Amino acid sequence: MPAFSPIPRELMAVEPRLLANAIRALAMDAVQAANSGHPGMPMGMADVATILFTEYLKYDPADPAWPDRDRFVLSAGHGSMLIYALLHLTGYARPTMDDIRGFRQLGSSCAGHPENFLLPGVEATTGPLGQGFGMAVGMAVAERHLNAVFGDDLVDHRTWVIAGDGDLMEGINHEAAGLAGHLGLGRLITFWDDNHITIDGSTDLSRSEDVLGRYRAMGWHTISCDGHDFADIRRAIDAALADERPSLIDCRTIIGWGAPNKQGTAATHGAALGAEEVAAARKQLVWESAPFEIPEPIMTAWRQAGRRGAAPHEEWRARLAAHPEHGEFVRRMEGRLPEALAKSGYLDQLIANPQKVATRKASEMALEAINALLPETIGGSADLTGSNNTKTKAQKPLTKEDYSGRYIYYGIREFEMACAMNGMALHGGVIPYGGTFLVFSDYCRPAIRLAALQQIRVVFVMTHDSIGLGEDGPTHQPVEHLTSLRLIPDLDVYRPADAVETAECWALSLQRRDGPSLLALTRQNLPQLRLQRSEENLCGRGAYRLRPAKAARRVVLIGTGSEVEVALAVADALEGQEIGADVISMPCWSLFDGQDAAYRADLLAADALKVSIEAGTTLGWERYVGPDGLSIGLDRFGASAPAENLFKRFGFTAEAIVPQVIAALQSRGE
């Protein structure tokens, strides 16, 4: 196994405390200048971070994207000045000292919470507590999987996390820790910043469980240390490295360490220390440099530590160049799809042999073709594999006995499934997808939002997308969910109408490298509406004319998913009365909104009555049908009954819709 050898401690010319105090100084100076931020955590964890970054972490500031670097996730993202200080001190190109001076200001790469798209070296956008930890589990999964595929020569690194009390209290922590323990992710090491402080005060106000006991029960190795004793920190890390289980290191720390009057209190958590306390802290730390200035010997020592990874990186490059899987490894890590995927011929098969299936089944059929040609996909489901249809025949489970598997049984952990997929996508080299019911997207929503913010390729497969799921009733029938999910910026929400559209939506989801996609799929069978091959991926337009009017066009019917079939039936009835009706399938609002004005105007003709039909809330459809259009939807909860009965009960039939269309035409004087 390739070894990573840090510079011997005796050759470091500066004591670790002075190196750590550089972090403390930058943290309190930046927060003070912004009069906003969280100085306490960086000051409290500076000693642990110093030992990690100078002696253990494998990284190369000259190449932040080195595939075999260790991943470091600051789950306690409110303490963002910790990572900003570390990146600057170790020699990353950014942040510069000017960036740090602009902490939390418009245009600075040093945002209030770390953002992966602003700074190379920030592995994940964190701040919503617990999600960083959950994503780190996904990174550790990706590392073990790629190691099983490509071997130690190319993939041999660890995932390190700093998490606070809040991270460990959040519900996602329980889900994530349980999954990590179950999968035996021994390359995952988490430092718990155990400072006993939350915003409200002492953790005694809100927590009394045995945290370490909880982790041990979930299959973790646990150990405690004094977070301000460098030898003890090393002892704990060495023990974690020697254990095959994921490790939680309980670092007993003092929040705001070095601020003599406020350390150990909630006063240091989320506000600037104040000029007097900053001055007192400088005296306490024997730090005589001006704000935002680092003494040359200290900066030199930090930069020396940052260069530790250069030689191992060069050795890794040599191994990569000589590796028989060089090209495939690089392709996967760069996120490029294999050329064979575009030539699968799957759509030709559908046209030749039309399928009347639920779109969840159509998704499974598409995945059979995709997974055979795209070896980097890792699927999964939150205990609904047979319902979500996310597992293909050749996929074997990813387990602690066999990390080469490409399917994860997440259990009833929807939130962690979404977080883990985000972490896998951030790690690179894999394309994750996972399923649950659309109504349970509520459990995943914070992670779906963070996937969009982080601009990562993740595919959320959400089945049972409407009252069409039937007898399970309103607790399981999504009503407001499509509208709610469409509100998330940069998330492409697809609701395909048949097997062809489902395949096209999968293709679009995989081709997109700068953001997540969500597929909303039916439980009930739908006829195949597309019977002719199109060279263009029509769903890529977001909406397209499925069938033009036969009589003079007076109506434009817009449907999504299972209601496109209903729109066709409505059009047939209107045409029988010499009322011409275009039928528009609109599988993706966001893609349609991105089309040019001429294309949108052509589909949504200004002189026609526009009618939307979707078995969900009507909010938002007014942007397409206009002030005098009709929105046929469901602005109430559903009921428990067979799907066909529910569609009749709630008016999703031609018999119920046609009279409304005719009345609307008459009100327009037509």
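This text follows the structure it describes.
Residues numbered from 1 in each chain as written. Predicted model: local features only at pLDDT ≥ 70, side-chain atom pairs only at ≥ 80, totals over all residues. Heavy atoms only, no water.

The helix and strand tally for the chain stands at 26 helices and 20 strands. In terms of overall size, the chain behaves like a compact globule, its C-alpha atoms giving a radius of gyration of 28 Å where 670 residues would be expected to give roughly 26 Å. Oriented by its inertia axes, the alpha-carbon framework of the chain measures out at about 90 × 55 × 45 Å. Out of the 670 residues belonging to the chain, those deemed buried represent 63%. For the chain, long-range pairs separated by at least 24 residues make up 78% of all intrachain contacts whose partners lie at least 6 apart in sequence. (Helix = DSSP H or I, 4+ residues; strand = E, 2+ residues; numbered from the N terminus. Rg over C-alpha atoms; globule rule 2.2 N^0.38 Å. Buried < 20%, exposed > 50% of the residue type's maximum accessible area, 1.4 Å probe, protein only. Contact = heavy atoms within 4.5 Å.)

Of all six residues in strand β18 (residues 580-585), six are buried, a share of seventy percent or more. Here β18 shows two buried faces, one formed by Gly580, Asp582 and Ile584 and the other by Ala581, Val583 and Ser585. Pairing of strand β16 (residues 544-547) with β18, which is carried by three bridges, proceeds in the antiparallel orientation. Residue pairing across strands places Tyr544 opposite Ser585, the latter belonging to β18. Relative to β18, strand β17 (residues 553-559) runs parallel, the two sharing six bridges. (Pairing = 2+ DSSP bridges.)

Time to look at the environment of Ile370. Here Ile370 is to be found in helix α15 (residues 359-373). When the C-alpha atoms of Ile370 and Val161 are compared, they prove to be 34 Å apart, with 209 residues separating the residues in sequence. Apart from the residues within four sequence positions on either side, Ile370 is in contact with Leu341, Thr377, Trp506 and Leu510.

This brings us to the sheet that holds β18. Paired through their backbone hydrogen bonds, the strands of a sheet run either parallel or antiparallel. Pairing within the open sheet is mixed, and its five strands lie in the order β16-β18-β17-β19-β20. What marks the edges here is a single partner per strand, and that holds for β16 and β20 (630-632). Averaged over all pairs of adjacent strands, the angle between their axes in this sheet comes to 30°, without regard to strand direction. Where β17 lies against strand β19 (residues 609-613), five bridges are found, and the strand directions are parallel. Paired with Ile558 across the two strands is Ser612, which belongs to β19. (Axes fitted to C-alpha atoms, helices over the stretch in contact; angles between N-to-C directions.)

Attention now moves to helix α11 (residues 296-306). Given 3.6 residues to a turn, an α-helix orients residues that are three or four positions apart in the same direction. Among the residues of α11, Ile298, Met299, Ala301, Trp302, Ala305 and Gly306 are the ones counted as buried. Along α11, the residues classed as buried sweep out an arc of 160° about the axis, all on the same side. (Arc of directions from axis to C-beta.)

Each aromatic ring pair is described using two quantities: the centre-to-centre distance and the angle formed by the ring planes. Counted according to the given criterion, the structure contains 21 aromatic pairs. What links up through ring pairs into an aromatic cluster is the set Trp589, Phe592, Tyr599, Trp621 and Tyr624. Directly above the ring of Trp589 sits Arg486, whose terminal nitrogen or CZ lies 4.2 Å from the centroid. (Phe/Tyr/Trp six-rings, centres within 6.5 Å; stacked < 30°, edge-to-face > 60°. Lys NZ or Arg CZ within 6 Å of the ring centre and 35° of its normal.)

The subject of this paragraph is the side chain of Glu504. Position of Glu504 relative to the elements: it lies in helix α20 (residues 499-511). Among the residues examined, Glu504 registers a relative accessible area of 2% and is labelled buried. Of the polar contacts made by the side chain of Glu504, one reaches the backbone nitrogen of Cys539; its length is 3.2 Å. If near-sequence neighbours (up to four positions away) are discounted, Glu504 is found in contact with Leu347, Arg530, Glu536, Asn537, Leu538 and Cys539. (Polar contact = N/O pair within 3.5 Å; in protein donor to acceptor, adjacent residues only side chain to side chain.)

On to the pairing of strand β12 (residues 459-463). For β12, the tally of buried residues reaches five of five residues, placing the bulk of the element in the interior. Where burial is concerned, the two faces of β12 agree: the one with Val459, Val461 and Thr463 and the one with Phe460 and Met462 are both buried. Two strands pair when backbone bridges link them, and strand β11 (residues 431-437) and β12 are joined in this way by five bridges, in the parallel orientation. Each bridged residue has a counterpart across the sheet, and for Gly434 the counterpart in β12 is Phe460.

It is worth spelling out unusual backbone geometry at this point. With omega at 5°, the peptide bond leading from Arg94 into Pro95 counts as cis. For Arg104, which is not glycine, the phi dihedral falls at a positive 65°. Here Arg104 shows up in the loop between α4 (97-101) and α5 (131-150). Residues other than glycine seldom take positive phi values, yet Glu578 does so here, at roughly 65°. With respect to the secondary-structure elements, Glu578 resides in the loop between α21 (563-575) and β18. For Glu578, a relative accessible area of 60% gives the class exposed.

Taken together, Phe117, Leu118 and Leu453 make up a surface patch of nonpolar side chains, about 210 Å² in accessible area. Residue placement: Phe117 occurs in the loop between α4 and α5. Looking at Phe117, the relative accessible area reads 32%, which means it is partly exposed. (Patch = residues over 30% accessible without salt bridge, like charges linked within 9 Å, V, L, I, M, F, W, Y side chains within 5 Å. Areas by Shrake-Rupley, 256 points an atom, 1.4 Å probe, with all protein chains shown as cover. Salt bridge = Lys/Arg side-chain N within 4 Å of Asp/Glu carboxyl O.)

We now examine the pattern of salt bridges. Across all of its chains, the model carries 40 salt bridges by this definition. Where Arg332 meets Glu328, a salt bridge forms, and the shortest distance between an N and an O atom there is 2.9 Å. You can see Arg332 and its partner Glu328 sitting in helix α13 (residues 326-334), four residues apart, about one turn around the helix. Given a relative accessible area of 9%, Arg332 falls into the buried group. Judged by its relative accessible area of 22%, Glu328 falls in the partly exposed class. Note that Arg623 and Asp593 form a salt bridge whose closest N and O atoms lie 2.7 Å from each other. With Arg623 in helix α24 (residues 622-625) and Asp593 in helix α22 (residues 589-593), the pair connects residues that are 30 residues apart, well separated along the chain. When its relative accessible area of 54% is taken as the criterion, Arg623 is described as exposed. The class for Asp593 is partly exposed, based on a relative accessible area of 34%. Sharing partners across several salt bridges, the network here consists of Glu143, Arg144, Asp156 and Arg187.

For the rest of this paragraph, the subject is the packing of α5 against α13. Between α5 and α13, whose axes approach to 12 Å, the crossing angle comes to 160°. Here α5 lies roughly antiparallel to α13, going by the angle between them. The chirality of how α5 crosses α13 is right-handed. Residues Leu146, Val149 and Phe150 of α5 form the contact with α13, whose participating residues are Glu328, Phe329, Arg332 and Met333. The residue inventory of the contact of α5 with α13, partitioned by class, reads five nonpolar, no polar and two charged. (Parallel < 35°, antiparallel > 145°, perpendicular 65-115°, else oblique. Left-handed = near helix turned anticlockwise from the far one by under 90°. Nonpolar A, V, L, I, M, F, W, Y, C, P; charged D, E, K, R; others polar.)

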